[in-house]
Amino acid sequence: MRLFTKLLIAFVAIGILVAAAAYFVIERQLEKGFIRLTREEMTTEAFLIARMPLEEIARKADILADLSRSRLTLIDASGKAAADSDMDPMDMDDHLNRSEIQEVRLKGEGSAIRYSRSLKRDMLYIAVPLGDAKAPAGYIRLSRPLQDVSGVIAQWKRTLLTSLWLVVFFSLLLALLVSLWLILPIRKLAAFTHKFRLSGGSSGMIRIGSNDEIGELAESINGLIAVLQEKIRFADMEKRKLESVFSGMAEGIMVLGYDARIETVNRRMEEMIGRGGADLTGRTLLEAIRSAPLHNALERYLETGEPVFQEIDLADQTSARIMQVTISGLKEPQEGRGKAILVFHDVTRQKRLERIRTDFAANVTHEIRTPLTAIIGFVETLLQGALDHREKAVAFLNTIRQNAERLSRLVDDLLTLSAIELGEAKLSFEAVDVARALDQAMAVIAPKACEKGVTIVSDVADALPPLRADRDRLAQILLNVLDNAVKFSLTGGKVVVTAVAEQGWVAVRIADSGVGIPREAIPRLGERFYRADKARSRDPGGTGLGLSIVKHLLQAHGGGMAIDSVPGRGTTVSLRFPVYQEPA
């Protein structure tokens, strides 16, 4: 609705309300005033008549009624009608208990408005005493139909209503002219600002020939336009500087708009993904770079608004590169969700050097831990003559191999456990999707489960909150427990994986269908090298450190582990992880 229409409607409403209020007040005052004047006039006439002798009043009742323009009733001291100008007194009731007569006896004069049963209409009654007011010889009562008064009032009401409508009409006409006078400069301001917006801030200034508030508003708009034009000029200059910086950066830069679509990329980004900026603009991140981890990282940023760091692999037909991506942005309150900026660092060479160094350390460690007692014993046996017996030699060699592999796993587990206990294991906590982590862990264990004929069933609740966990250590925990569940399940058995939210925690339960664990052995599970059934646990090649590592890693995460088992029915391992909380 336009301002002119609003003003006009407001003026019309105010005019009608004022007229209605004035009519209501004046009409009430007119009615009260006319009734009061009529009552005073009738009271004066009644007192004048009361001065006359009683017999003369009775004889001249009709004449006196005509002179007073009222019905006259002469009532004796007992309340009986002695004379009446309109009716036969013999046909009239006793009047002593009438309200106006009772009021005369109390106050010296009385009045009442009521319905007359004899005349069948509303009447105004006035009564005064004859003689002494304390011991009156009778009463003079005058009465008039209210319709006589109402007729005069109605005539005045019509005159008043006509006058008020004329006042409202001319007031509204004046309001219309005033509204037009007020609206014209405002419309001029609106047209100028519209033109300014369409021209991009280059439409000059506005001039309003007025010294009132609208003129001050025009001057304020001119001041704002000057400031805005200066900011536009500065923003253009900064934009050119940023474009120059982006073009010369060694990192790839990608900017996503409010709708999470690509707005711009720099030259290095185009080189990294092998596509031009024009081809990328307007596309989603997943359309430009088909990487599920990168897409998930963007989703985490959009959900939390906190910077996200993600490592991804970019591979094409000729090469594979590793990228470290930082996702951050500026949240603008007026836009709801701000733009996102993705910075791509190519760390392929750095990762390759790290892998070479890790492999070297692992090989050296392996070489150091090989000459152990068991292996040396079998080697000495072979040297003492067992080489001449081929079957025994092969058996000894297989035993040597199995022990070497077992000791290798043992040393790895000891190194891991030692690092955790000494606090040397650096944990990088972040929000981790438990369903995705479980899917990845189950995918790793699936070949081993398939080989043994064990079925893995996943029953993860929907919309679980993210965990606060180190992504790699979480994978190590899940793989350890899943590997144990498959390892100790009978052939053709089943492993059930569930995850539910429990008041600030996420509980992951992994239940197998194995032989179970005796109740007395459960408290010791998690101790180093402890095996509930040494014969069965040794067959699959365990070191006895898996659950100990899981327990210590969970403690480092602020969580815990619980084990429930029934011999002959299987074992359930419950892992509790804290829910990820947004930084304050």
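If you're wondering where the values come from, they're calculated on a predicted model, not measured in any experiment.

All right, on to the nonpolar core then. Grouped together as the largest cluster of nonpolar side chains are 43 residues, with contacts concentrated most on Leu438, Val508 and Leu575. Of all the secondary structure elements, the ones that give two or more residues to this core are helix H13 (390-421), helix H14 (434-452), strand S13 (467-470), helix H15 (471-488), strand S14 (494-501), strand S15 (505-511), helix H17 (546-556) and strand S17 (570-578). Met269, Ile289, Leu294 and Ile312 belong to the second-largest nonpolar core, a separate cluster that totals 24 residues.

Moving on to the side chain of Gln310. Looking at where Gln310 falls in the secondary structure, it is placed in strand S8 (residues 308-315). There is a polar contact of 3.1 Å between the side chain of Gln310 and the side chain of Arg300. Residues in contact with Gln310, not counting those within four places in the same chain, are Pro293, Ala297, Arg300, Met323, Gln324 and Val325.

Turning our attention to unusual backbone geometry. Backbone geometry places Ala260, a non-glycine residue, at a positive phi of 65 degrees. Considering the arrangement of structural elements, one finds Ala260 in the loop between strand S6 (252-256) and strand S7 (262-265). The buried category is assigned to Ala260, whose relative accessible area is 17%. Of note, Gln503 is a non-glycine position whose phi angle comes to about 50 degrees, a positive value. In this structure, Gln503 sits in the loop between S14 and S15.

Attention now moves to H15. Across its 18 residues, H15 extends 26 Å between first and last C-alpha, which sits within 8% of the 26 Å expected from 1.5 Å per residue. Taken as a whole, H15 has its buried residues at Leu474, Gln476, Ile477, Leu478, Val481, Leu482, Asp483, Asn484, Ala485, Val486 and Lys487. Sitting at the head of H15, Asp470 places a side-chain oxygen 3.0 Å from the backbone nitrogen of Asp472.

This brings us to the packing of aromatic side chains. Think of a pair of aromatic rings as described by two things: how far the centres are apart, and how the planes are tilted against each other in angle. Evaluated as defined, the whole model comprises one aromatic pair. Arranged with centres 5.4 Å apart and planes meeting at 75 degrees, the rings of Phe169 and Phe170 form a pair that is edge-to-face. You'll find Phe169 and Phe170 in the same group, each marked exposed. The positively charged end of Arg114 is found above the aromatic ring belonging to Tyr125, 4.3 Å away from the centroid. Positioned above the aromatic ring of Phe429, the side-chain terminus of Arg468 is 3.9 Å from the ring centre.

Thresholds applied
Residues numbered from 1 in each chain as written. Predicted model: local features only at pLDDT ≥ 70, side-chain atom pairs only at ≥ 80, totals over all residues. Heavy atoms only, no water. Core = buried A, V, L, I, M, F, W, Y, C linked by side-chain atoms within 4.5 Å. Buried < 20%, exposed > 50% of the residue type's maximum accessible area, 1.4 Å probe, protein only. Helix = DSSP H or I, 4+ residues; strand = E, 2+ residues; numbered from the N terminus. Polar contact = N/O pair within 3.5 Å; in protein donor to acceptor, adjacent residues only side chain to side chain. Contact = heavy atoms within 4.5 Å. Expected span 1.5 Å × (residues − 1). Phe/Tyr/Trp six-rings, centres within 6.5 Å; stacked < 30°, edge-to-face > 60°. Lys NZ or Arg CZ within 6 Å of the ring centre and 35° of its normal.

Taken by themselves, the reported measurements are silent on function.
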